[in-house]
Amino acid sequence: MKTLFLFLGILVSSATIAQEFNKKDIKGMWKRSDGLIITISGVGTFEEGGNALVFGVGDSGWSQTCVKRCFKFREIQYEGGNEWISNNKMYMPTVDYTKNDRTVTIKMADDKKSFTASRYTQYKN
């Protein structure tokens, strides 16, 4: 019986320990449900912050011409915990151009397999 309580105590205490995050956890390839694929690099490396380059557009509304040419996020900076901030880029189809939309908070899920920015969720690809 003591063994059962010890096991349950360890299980409960390990579940309450906060997830440890690192500024580089955001690096890698990420995919949205609409098919937009980005690769994030440089977070915690470059003075100006990291960037998210478009690698696939799917049905997102971004042009195929953006692949490996346009950025979805620029100047990604680690804030601490599970949050980063970034300049969000918006694609303007009428002129085939991206423009600064606003600053967004990128919030990573506890399992580090997804993050949300604005109303979109990106999943580790």
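Each remark here, short or long, concerns the structure printed above.
Residues numbered from 1 in each chain as written. Predicted model: local features only at pLDDT ≥ 70, side-chain atom pairs only at ≥ 80, totals over all residues. Heavy atoms only, no water.

Visitor: I would appreciate a short explanation of the pattern of salt bridges in the present structure.
Guide: Between side chains of opposite charge, a pair can form as their charged atoms come close. Taken as a whole, this structure holds four salt bridges when the rule is applied. Taking the shortest distance from any N to any O, the salt bridge between Lys-112 and Asp-25 comes out at 3.1 Å. Pair noted here: Lys-112 is in the loop between strand 6 (97-108) and strand 7 (114-117) and Asp-25 is in the loop between helix 1 (2-16) and strand 1 (28-32), with a separation of 87 residues, a long-range link. The class of Asp-25 is buried, set by a relative accessible area of 18%. For Arg-32, the salt bridge goes to Asp-34, with nearest N and O atoms at 2.7 Å. Take Arg-32: its relative accessible area is 5%, and that puts it in the buried class. (Salt bridge = Lys/Arg side-chain N within 4 Å of Asp/Glu carboxyl O. Helix = DSSP H or I, 4+ residues; strand = E, 2+ residues; numbered from the N terminus. Buried < 20%, exposed > 50% of the residue type's maximum accessible area, 1.4 Å probe, protein only.)

Visitor: For this particular structure, what's the right way to read the nonpolar core?
Guide: General note: in soluble globular proteins, nonpolar side chains tend to be found buried as a group. Within the largest apolar cluster, 22 residues are counted, with the highest numbers of intra-cluster contacts made by Ile-38, Ile-40, Phe-73, Ile-106 and Phe-115. Only strand 2 (37-41), strand 3 (50-56), strand 4 (71-80), strand 5 (83-92), strand 6 and strand 7 provide two or more residues apiece to this core. The biggest single contributor to this core is strand 6, with three residues. Ile-38 has contacts with Gly-28, Met-29, Trp-30, Ala-52, Leu-53, Val-54, Phe-55, Lys-72, Phe-73, Phe-115 and Gln-122, leaving out every residue within four places of it along the chain. (Core = buried A, V, L, I, M, F, W, Y, C linked by side-chain atoms within 4.5 Å. Contact = heavy atoms within 4.5 Å.)

Visitor: Where do I start with the sheet that holds strand 4 in this structure?
Guide: Hydrogen bonds between backbone atoms are what pair the strands of a sheet, whose relative direction is either parallel or antiparallel. Taken in spatial order, the eight strands of this closed barrel run 1-2-3-4-5-6-7-8, and their pairing is antiparallel. Each strand of the sheet is rotated relative to its neighbour by a mean of 35°, with strand direction disregarded. Relative to strand 4, strand 3 is paired through three bridges, and the arrangement is antiparallel. By the bridge assignment, Leu-53 is partnered in strand 4 with Phe-71. (Pairing = 2+ DSSP bridges. Axes fitted to C-alpha atoms, helices over the stretch in contact; angles between N-to-C directions.)

Visitor: Can you help me understand the environment of Lys-107 in this one?
Guide: You can see Lys-107 is positioned in strand 6. As for Lys-107 and Ser-118, which are separated by eleven residues in sequence, their C-alpha atoms are 9.5 Å apart. For Lys-107, the contacting residues outside a window of four places in its chain are Asn-82, Glu-83, Phe-115 and Thr-116.

Visitor: Would you mind showing me how to read the side chain of Thr-98 here?
Guide: Looking at the element boundaries, Thr-98 is found in strand 6. For Thr-98, the residues in contact, after removing those within four places along its chain, are Trp-62, Cys-70, Lys-89, Met-90 and Tyr-91.

Visitor: How should I be thinking about unusual backbone geometry in this particular structure?
Guide: Residues other than glycine predominantly adopt negative phi, and peptide bonds predominantly adopt the trans conformation. Positive phi, normally seen in glycine, also occurs at Glu-75, with a value near 55°. Take Glu-75: it is sitting in strand 4. Accessibility expressed as a relative area gives 41% for Glu-75, which makes it partly exposed. Positive phi is not limited to glycine here, since Lys-112 has a value of about 65°. Here Lys-112 falls in the partly exposed class, since its relative accessible area comes to 25%.

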